[in-house]
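Chain by chain, the residues run as shown.
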Amino acid sequence: MYKKGISIYPEHSTPEKDMAYLSMAAGFGYQRVFTCLLSVQASKLEIEKEFKVILEHANDLGMEVIFDVNPGVLQKLGISYNDLSFFKELGASGIRLDGGFNGLTEAQISYNRFGLKVEINMSNGTKMIDNIMSFSPDREHLIGCHNFYPQRYTGLSEKHYIECSKKFKKCGLRTAAFVTSNTATMGPWKIMEGLPTLEEHRGLPIDVQAKHLYALGYIDDVLIGNAYASEEELKELAAVSPSYLKYKIKLNEKCSDLEKKIIMEEPHIYRGDVSEYLIRSSQSRVKYRDYPFPLGCTETIKRGDLLIGNDNFGQYKGELQIALKDMENEGQKNIVGHVVEDELFLLDYLAPWSKFGFELA
């Protein structure tokens with residue numbers, strides 16, 4: 001089951017604001033909460049007082065809360081990895097180890113008597129997860145999560161992200177990564193220029209970031225790194241399907257009702273005989289072969305154009321296509337719409353035989 005999550009930073013906010021944010025997110029189906037102790041300067045007693053009421057509220061909403069810690073934080077708070085009762089009493093579901101131990105220790109922690117999850121940092125690119133797995137951890141309580149990056153130009157490259165993610169998926173572990181809100185201003189640190197995992201996501205609409213993560217295929221859970229995302233962003237991210245890529249489009253004003261019906265209502269499958277120029281969805285030409293498709297807009301085709309064969313296209317009339325490259329139009333294909341600029345790059349991530357769809361921008 002795929003999950004979506006948010007982040008809260010109680011040391012920079014108030015319980016009332018955090019709890020209102022949790023309630024709003026839960027209303028859209030969010031199930032995970034990330035929070036960070038790396039930046040917290042408070043004492044153990046102060047943390048308990050500040051966090052407990054918020055976590056009780058999260059638990060009442062059915063949300064799981066993971067605390068970001070490292071060996072230094074545990075030492076500072078006088079918490080032994082052999083006794084994680086502090087986090088259990090707070091109402092946490094687990095701890096994320098931003099910095100690791102030695103492999104054996106992580107494996108031992110996964111068997112903690114409180115059933116807390118142990119989340120491993122996925123972004124370092126080392127063989128740490130292989131080391132941990134060699135000590136036979138409790139796989140039911142071991143998960144992974146990438147870092148986020150508050151400083152511009154420091155986020156992960158797609159290549160490194162994939163290399164790191166593959167190591168965790170190979171082990172059969174649940175994985176997570178961060179997207180960033182474009183309206184939120186709060187993170188754990190003073191420097192905060194967005195909080196994505198992938199650098200290329202900084203500044204993109206939040207739903208586009210999530211579509212990309214899902215299209216890459218290595219992530220189970222998507223978390224918003226900064227707070228507070230707007231209600232509209234929460235709604236947009238909640239609507240993104242992990243397994244069904246929907247491209248946001250604008251329709252051509254000459255698009256007929258039948259063409260609109262094909263685009264928006266018919267199921268689409270990317271044919272397996274792949275072309276460098278087109279994504280083809282052929283079932284509509286079978287279903288609507290006896291229907292007329294009058295000549296529409298037949299201008300020069302640009303990357304991202306939605307095309308439907310018109311009456312000049314013989315047995316191919318009614319077929320829906322998406323242009324992957326600019327090309328000439330010989331008058332056989334109506335340009336019926338266009339994928340929005342922010343999502344053009346997602347055309348390269350659709351796999352043959354994948355189902356896909358469209359939504360109006």
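Further up the page is the structure itself.
Report follows, based on the coordinates. None of these values were measured; they are calculated from a predicted model.

Reported here for the largest pocket is a volume of approximately 270 Å³. In terms of lining residues, the largest pocket is bounded by 19 residues, among which Tyr-214, Ala-215, Pro-242, Ser-243 and Tyr-244 are the most central. Among the elements that take part in the lining of the largest pocket, helix H8 (residues 206-216) stands out by supplying three residues, more than any other. Taken together, the residues of the lining of the largest pocket break down into eleven nonpolar, four polar and four charged.

A separate point is unusual backbone geometry. Look at the link from Ala-227 to Tyr-228: it is a cis peptide, with omega at -5°. As for its placement among the helices and strands, Tyr-228 is situated in the loop between strand E8 (221-224) and helix H9 (231-238). Unlike most non-glycine residues, Ser-136 shows phi in positive territory, near 50°. Phi at Tyr-153 is positive, roughly 75°, even though this residue is not glycine. Mapped onto the elements, Tyr-153 comes out in the loop between strand E6 (142-145) and helix H7 (158-170).

What follows covers the side chain of Asn-112. In this structure, Asn-112 sits in the loop between helix H5 (104-109) and strand E5 (117-121). Within the structure, Asn-112 has its side chain in polar contact with the backbone nitrogen of Gly-115 (distance 3.0 Å). If near-sequence neighbours (up to four positions away) are discounted, Asn-112 is found in contact with Leu-84 and Val-118.

Any aromatic ring pair is given by two values, namely how distant the centres are and how the planes are angled relative to each other. One pass over the full model with this rule turns up 13 aromatic pairs. On the basis of an interplanar angle of 55° and a centroid distance of 5.7 Å, the ring pair of Phe-67 and Phe-87 is categorised as tilted. Taken together, the residues Phe-67 in strand E3 (residues 64-69) and Phe-87 in helix H4 (residues 85-90) connect sequence positions 20 residues apart. When its relative accessible area of 0% is taken as the criterion, Phe-67 is described as buried. Of the aromatic side chains, those joined through ring pairs into one cluster are Phe-51, Phe-67, Phe-86 and Phe-87. The ring of Tyr-277 has Lys-325 lying over it, and the distance from NZ or CZ to the ring centre is 4.9 Å.

What follows covers the sheet that holds strand E1 (residues 3-8). Neighbouring strands of a sheet are bound in pairs by backbone hydrogen bonds; such pairs are parallel or else antiparallel. With respect to topology, eight strands assemble into an open sheet ordered E6-E5-E4-E3-E2-E1-E8-E7, the strand pairing being parallel. Only two strands of the sheet have a single partner each, and these edge strands are E6 and strand E7 (176-179). Neighbour-to-neighbour, the strand axes of the sheet open up by a mean angle of 30°, direction not taken into account. Both strand E4 (residues 94-97) and E5 contribute to a ladder of four bridges, which runs parallel. From the neighbouring strand, Arg-96 faces E5, where its bridge partner is Glu-119. Together, E1, strand E2 (32-36) and E3 form the strand contacts of helix H2 (residues 44-60), whose direction differs from that of E3 by roughly 140°. Contacts from H8 reach E1, E7 and E8 within the one sheet, and its direction differs from that of E7 by about 155°.

Here the focus is the sheet that holds strand E15 (residues 355-360). The strand order E10-E15-E9-E14-E12-E13-E11 describes an open sheet built from seven strands, whose pairing is mixed. Pairing within the sheet leaves two strands with one partner each, and these edge strands are strand E10 (268-269) and strand E11 (278-281). Where strand E9 (residues 245-251) lies against strand E14 (residues 333-339), three bridges are found, and the strand directions are antiparallel. What sits directly across from Lys-250, in E14, is His-338. Set on the sheet, H8 makes contact with E9 and E15; between it and E9 the angle comes to about 135°.

This part takes up the packing of H8 against H9. At their nearest, the axes of H8 and H9 sit 8 Å apart, and the two run at 25° to each other. Taken together, the axis directions place H8 and H9 in an arrangement best described as roughly parallel. For the crossing formed where H8 meets H9, the hand is right-handed. Two secondary-structure elements touch here, H8 through Ile-206, Asp-207 and Ala-210 and H9 through Glu-233, Glu-236 and Leu-237. Residue composition of the contact of H8 with H9, by class: three nonpolar, no polar and three charged.

With respect to the secondary-structure elements, Leu-295 resides in the loop between helix H11 (283-287) and strand E12 (305-309). Relative accessible area serves as the criterion here: at 57%, Leu-295 is assigned to the exposed category. Taking the C-alpha atoms as reference, Leu-295 lies 7.9 Å from Gln-332; in sequence the two are 37 residues apart. Excluding residues that lie within four positions of it along the chain, Leu-295 makes contacts with Asn-310, Asn-312, Gly-331 and Asn-334.

Another point: the packing of helix H1 (residues 15-27) against H2. Direction vectors running N to C along H1 and H2 enclose 15°, while the axes themselves pass 10 Å from each other. With respect to their mutual orientation, H1 and H2 come out roughly parallel. As for the relative orientation of H1 and H2, their crossing is right-handed in sense. Facing Pro-15, Asp-18, Met-19, Leu-22 and Ser-23 of H1, the residues of H2 in contact are Val-53, Ile-54, His-57 and Ala-58. For the contact of H1 with H2, the per-class residue count stands at six nonpolar, two polar and one charged.

Moving on, we get to the pairing of E4. Residues of E4 alternate between two faces, with Gly-94 and Arg-96 on one and Ile-95 and Leu-97 on the opposite face, all of them buried. Pairing between E3 and E4: four bridges, direction parallel. Note that in E4 the partner of Val-69 across the bridge is Leu-97. You can see the chain leave E4, run along H5 and come back into E5, and the turn it takes is right-handed.

The rules behind the values
Residues numbered from 1 in each chain as written. Predicted model: local features only at pLDDT ≥ 70, side-chain atom pairs only at ≥ 80, totals over all residues. Heavy atoms only, no water. 1 Å grid on protein atoms, 1.4 Å probe; cavity = no way out; pocket = protein on both sides within 12 Å on 5 of 7 lines; lining within 4 Å. Points joined across faces, edges and corners; volume = space filled by probe spheres on them. Helix = DSSP H or I, 4+ residues; strand = E, 2+ residues; numbered from the N terminus. Nonpolar A, V, L, I, M, F, W, Y, C, P; charged D, E, K, R; others polar. Polar contact = N/O pair within 3.5 Å; in protein donor to acceptor, adjacent residues only side chain to side chain. Contact = heavy atoms within 4.5 Å. Phe/Tyr/Trp six-rings, centres within 6.5 Å; stacked < 30°, edge-to-face > 60°. Buried < 20%, exposed > 50% of the residue type's maximum accessible area, 1.4 Å probe, protein only. Lys NZ or Arg CZ within 6 Å of the ring centre and 35° of its normal. Pairing = 2+ DSSP bridges. Axes fitted to C-alpha atoms, helices over the stretch in contact; angles between N-to-C directions. Parallel < 35°, antiparallel > 145°, perpendicular 65-115°, else oblique. Left-handed = near helix turned anticlockwise from the far one by under 90°. Right-handed = clockwise from strand over helix to strand, strands pointing away.

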